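Coordinates in review
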Amino acid sequence: MHEPNWMSVLPPLLAIILAILTRQVVISLGMGIWAGFCILESVNPVAGVALAIEGVIQVFSDAGNTRVLVFTLVIGGLITTMEKVGGVGGFVQLLRQRAWVNSPAKAQWLAYLVGVVVFVESNITLLVAGSISRPLFDRYRISREKLAYIIDSTSAPICILIPLNSWGAFVAGLLAAASVSNPVGVFLSSIPLNFYPITVIVFSAVVIWRKLDIGPMRRAEQRTQAGQILWPNAKPMFDPPQLSMTQADTRDKARFMLAPIVMMVIAMPLGLFITGGGEMAKGSGSTAVLWAVLLALLTNWVLVLLHRRAGLDELMQTFLKGAGDFLPVAMILLFALALGDIANLLGTGIYVAQLAQESVPVYWLLPLLFLLSGFIAFSMGTSWGTFAIMIPLAVQLAVALDVSAPVFLAAVLSGAVFGDHASPISDTTVVASMASATDHIDHVRTQLPYALICAGIAALAFLFAGLLIL
């Protein structure tokens, strides 16, 4: 057993610094793994490369890890298939045909509710909500910046609170790799403590209800109400191929999207019940999510084939393309699992906990974890990359201090979502601008005051939680 010392923190610290500087998460995690094995085995850098490669390969020796990696690819194929066969487009048309919106307030509530309901994946949430609502916002003279803020506030913040999607599976996989005995249970317990996403969701509803326009958003609303959709020098982000779903197609059916989602929601707890021998809390989260997404994919394929919307060959090609699109996510997860393994062997969490006990009041750990995770996610533009780096460290801290793991997990998840929500280089921020057809910098500028207010509330909540729990 390696004696924890100051060198134990070097691998995750190296990964964090490199990720911030380069924004290359996989390479940064790989360098952290390499440094960890060099320290653990007291070898030269060249020999450390071979050990690092073997450490990544060893991730597959755990069946749970492998199931989560496979799930990541399958969910990518499912998402792409639902878009390609017209499930998303059909859902858009269904909502439009109902003509439920006849006022500015209802247009904003529609964007908000679609963001809450479509929780399967953050970018799908953004594209669906943006595609449905943008014409309505223009019609009722509500700024596109307001639309971007609403849909951005109900994408990642909603997804991280729902265990039945790729976000939940990713987090559960990281927890399992960190030797958490009941990863799904810990994740579920962290949800009510995940203060930033909860604050954002509530606050954005208050913004709609009370017409709370702050700073740049107020000016954007005044401009739009005067009949000017965008600022004179604005460069709206608009990607016609991605937003082509707004065009009517009689072959598009909402059931191609809704039925698989319903199947996934039903299959997830059922899988936990079966694998747990009748007790959901003891079920295998990795097995349940893999079963759920495979059943969802099968449901989608059966419906598409019965309606002759696409052939089997086209479905397979679409699935493989979608799985390929999610390969970077699977790579991040793979390397994160390997870094978590080496951090466990080095006793990183034990050393940091000892250091924290000596130099930092324990109740400050939660707000510090929240702010550190937020800084990393803001700098890198990715919440998932931040999860990969910070979750193993947070779990080790909780174990070493013999305190509640869910609240430490919640601090990391909240911070990562905050940084992702506020970052101009985040993919969700970019897609929100694109789906709203607004200038990206205008979206970032108008959203930032709201994000900072919610972050301040969340930081105080974590401070109080630290005082009560730690």
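Since the structure is predicted, the reported quantities are computational estimates derived from the model, not experimental observations.

Cut-offs applied
Each residue is numbered by its place in its chain's sequence as written, counting from 1. Restriction of local features to residues with pLDDT of at least 70 applies here, the model being predicted, together with a cutoff of 80 or more for giving and counting side-chain atom pairs; totals for whole chains, interfaces and linings are based on all residues. The basis for the side-chain values is all heavy atoms of the structure; hydrogens and waters are excluded. Counting from the N terminus, the helices are DSSP H or I runs at least four residues long and the strands are E runs at least two residues long. Radius of gyration here is computed from C-alpha atoms only, and the compact-globule reference equals 2.2 Å multiplied by the residue count raised to the power 0.38. Two residues qualify as a contact provided that any one of their heavy atoms is within 4.5 Å of a heavy atom in the partner residue. Exposure was quantified through the Shrake-Rupley algorithm and a 1.4 Å probe, taking into account, for residues, occlusion by the shown protein chains and nothing else. A pair of aromatic rings is counted whenever rings of Phe, Tyr or Trp (Trp by its six-membered ring) have centres within 6.5 Å, and the orientation is called stacked for planes under 30 degrees apart, edge-to-face for over 60 and tilted otherwise. The cut-offs for exposure are 20% and 50% of the maximum accessible area for each residue type, with area from a 1.4 Å probe on protein chains only; residues under the lower value are buried, those over the upper are exposed, and the others partly exposed. For a lysine, the NZ atom is tested; for an arginine, the CZ atom; a charge sits over a ring if that atom is within 6 Å of the ring centre and within 35 degrees of the ring normal. The criterion is simple. A nonpolar core is a set of buried Ala, Val, Leu, Ile, Met, Phe, Trp, Tyr and Cys residues joined through side-chain atoms within 4.5 Å. For every residue, the predictor states its confidence as a pLDDT score lying anywhere from 0 to 100. Axes, fitted as lines to C-alpha atoms, cover a helix only where it is in contact. Angles between the N-to-C directions of the axes lie from 0 to 180 degrees. Here is the rule for angles: anything less than 35 degrees is roughly parallel, anything more than 145 is roughly antiparallel, 65 through 115 is roughly perpendicular, and the remaining ranges are oblique. In this classification, the charged set is Asp, Glu, Lys and Arg, the nonpolar set is Ala, Val, Leu, Ile, Met, Phe, Trp, Tyr, Cys and Pro, and all remaining amino acids, among them Gly, are polar. The residues that make up patches have over 30% relative accessible area and no salt bridge, and they are joined within 9 Å when like-charged or within 5 Å when they are Val, Leu, Ile, Met, Phe, Trp or Tyr. Every case where a carboxyl oxygen of Asp or Glu lies within 4 Å of a side-chain nitrogen of Lys or Arg is listed as a salt bridge. Helix span, expected: 1.5 Å multiplied by one less than the number of residues in the helix. Directions are taken from the helix axis to each C-beta atom, and the arc is the one they span.

Some remarks on the overall build of the chain
If you tally the helices and strands in the chain, you get 24 helices and 0 strands. The C-alpha radius of gyration of the chain comes to 22 Å, within 12% of the 23 Å expected for a compact globule of 470 residues. Considered along the principal axes of its C-alpha atoms, the chain spans approximately 65 × 50 × 45 Å. Within the chain, counting contacts between residues at least 6 apart in sequence, those at least 24 apart form 79% of the total. Accessible surface for the chain amounts to roughly 19000 Å². Of this, 66% is attributable to carbon and sulfur atoms.

With respect to the packing of aromatic side chains
The tally for this structure, following the rule as stated, stands at 13 aromatic pairs. Ring plane angle 85 degrees and centroid distance 6.5 Å describe the contact between Trp 301 and Phe 319, whose orientation is recorded as edge-to-face. Here Phe 319 lies in helix H17 (residues 312-325) and Trp 301 lies in helix H16 (residues 285-306), a separation of 18 residues in the sequence. Judged by its relative accessible area of 17%, Trp 301 falls in the buried class. Phe 319 sits in the buried class, given a relative accessible area of 14%. Sitting over the ring of Trp 231, Arg 223 keeps its end group 4.8 Å from the ring centre.

Thoughts on the nonpolar core
One recurring pattern in soluble globular proteins: nonpolar side chains tend to sit buried together. Leu 29, Val 171, Leu 175, Tyr 196, Phe 387, Ile 391 and Phe 408 are the most contacted members of the largest nonpolar core, which has 144 residues in total. Ranked by the residues each element gives to this core, the list is headed by helix H21 (residues 383-401), at 12 residues. Here Tyr 196 is in contact with Phe 370, Ser 414, Val 417, Phe 418, His 421, Ala 451, Cys 454, Ala 455 and Ala 458, once residues within four sequence places are set aside.

A few points about the confidence of the model for the chain
Predicted coordinates in regions of low pLDDT should not be interpreted in detail. The share of residues in the chain with pLDDT of 70 or more is 92%, and the mean pLDDT across the chain is 85. Per-residue pLDDT, averaged within each element of the chain, yields its smallest value for helix H14 (residues 240-243) (40) and its largest for helix H12 (residues 195-210) (97). Confidence drops under pLDDT 50 across residues 239-246; counting only partners more than four residues distant or on other chains, this segment forms 18 contacts.

A few points about the packing of helix H22 (residues 405-422) against helix H24 (residues 440-469)
Put simply, H22 and H24 touch, their axes get as near as 9 Å, and they point 170 degrees apart. Relative to H24, the element H22 lies roughly antiparallel. Judged by residue contacts, Val 407, Ala 410, Ala 411, Ser 414, Phe 418, His 421 and Ala 422 of H22 engage Val 444, Gln 447, Leu 448, Ala 451, Leu 452, Ala 455, Phe 462, Ala 465 and Ile 469 from H24. Tallied by class, residues from the contact of H22 with H24 come to 13 nonpolar, 3 polar and no charged.

Re a nonpolar patch on the surface
There is a patch of nonpolar side chains on the surface, built from Trp 6, Met 7, Leu 10, Leu 13, Ile 17 and Leu 21 and spanning about 580 Å² of accessible area. On the secondary structure map, Met 7 appears in the segment before helix H1 (10-22).

A closer look at H1
When the terminal C-alpha atoms of H1 are compared, their 17 Å separation across 13 residues agrees well with the 18 Å that a helix rising 1.5 Å per residue should span. Along H1, the positions that sit buried rather than exposed are Pro 11, Pro 12, Ala 15, Ile 16 and Ala 19. End-on, the buried residues of H1 take up no more than an arc of 135 degrees, which puts them together on one face.

What to know about the environment of Pro 406
Looking at where Pro 406 falls in the secondary structure, it is placed in helix H22. Looking at Pro 406, the relative accessible area reads 14%, which means it is buried. As a C-alpha pair, Pro 406 and Phe 464 span 58 residues in sequence and 15 Å in three-dimensional space. Ignoring any residue separated from it by four or fewer positions in sequence, one finds Pro 406 in contact with Val 186, Ser 189, Ser 190 and Leu 193.

Details of the environment of Ala 177
Assignment of secondary structure puts Ala 177 in helix H10 (residues 166-177). We classify Ala 177 as buried; its relative accessible area is 10%. Measuring from C-alpha to C-alpha, the distance between Ala 177 and Asp 341 comes to 6.9 Å, with 164 residues separating the pair along the chain. If sequence neighbours within four positions are ignored, Ala 177 has contacts with Asn 65, Leu 337, Asp 341 and Asn 344.

Focus: the side chain of Asp 442
The topology assignment puts Asp 442 in helix H24. The contacts of Asp 442, once residues within four sequence positions are left out, are Glu 145, Trp 231 and Ala 234.

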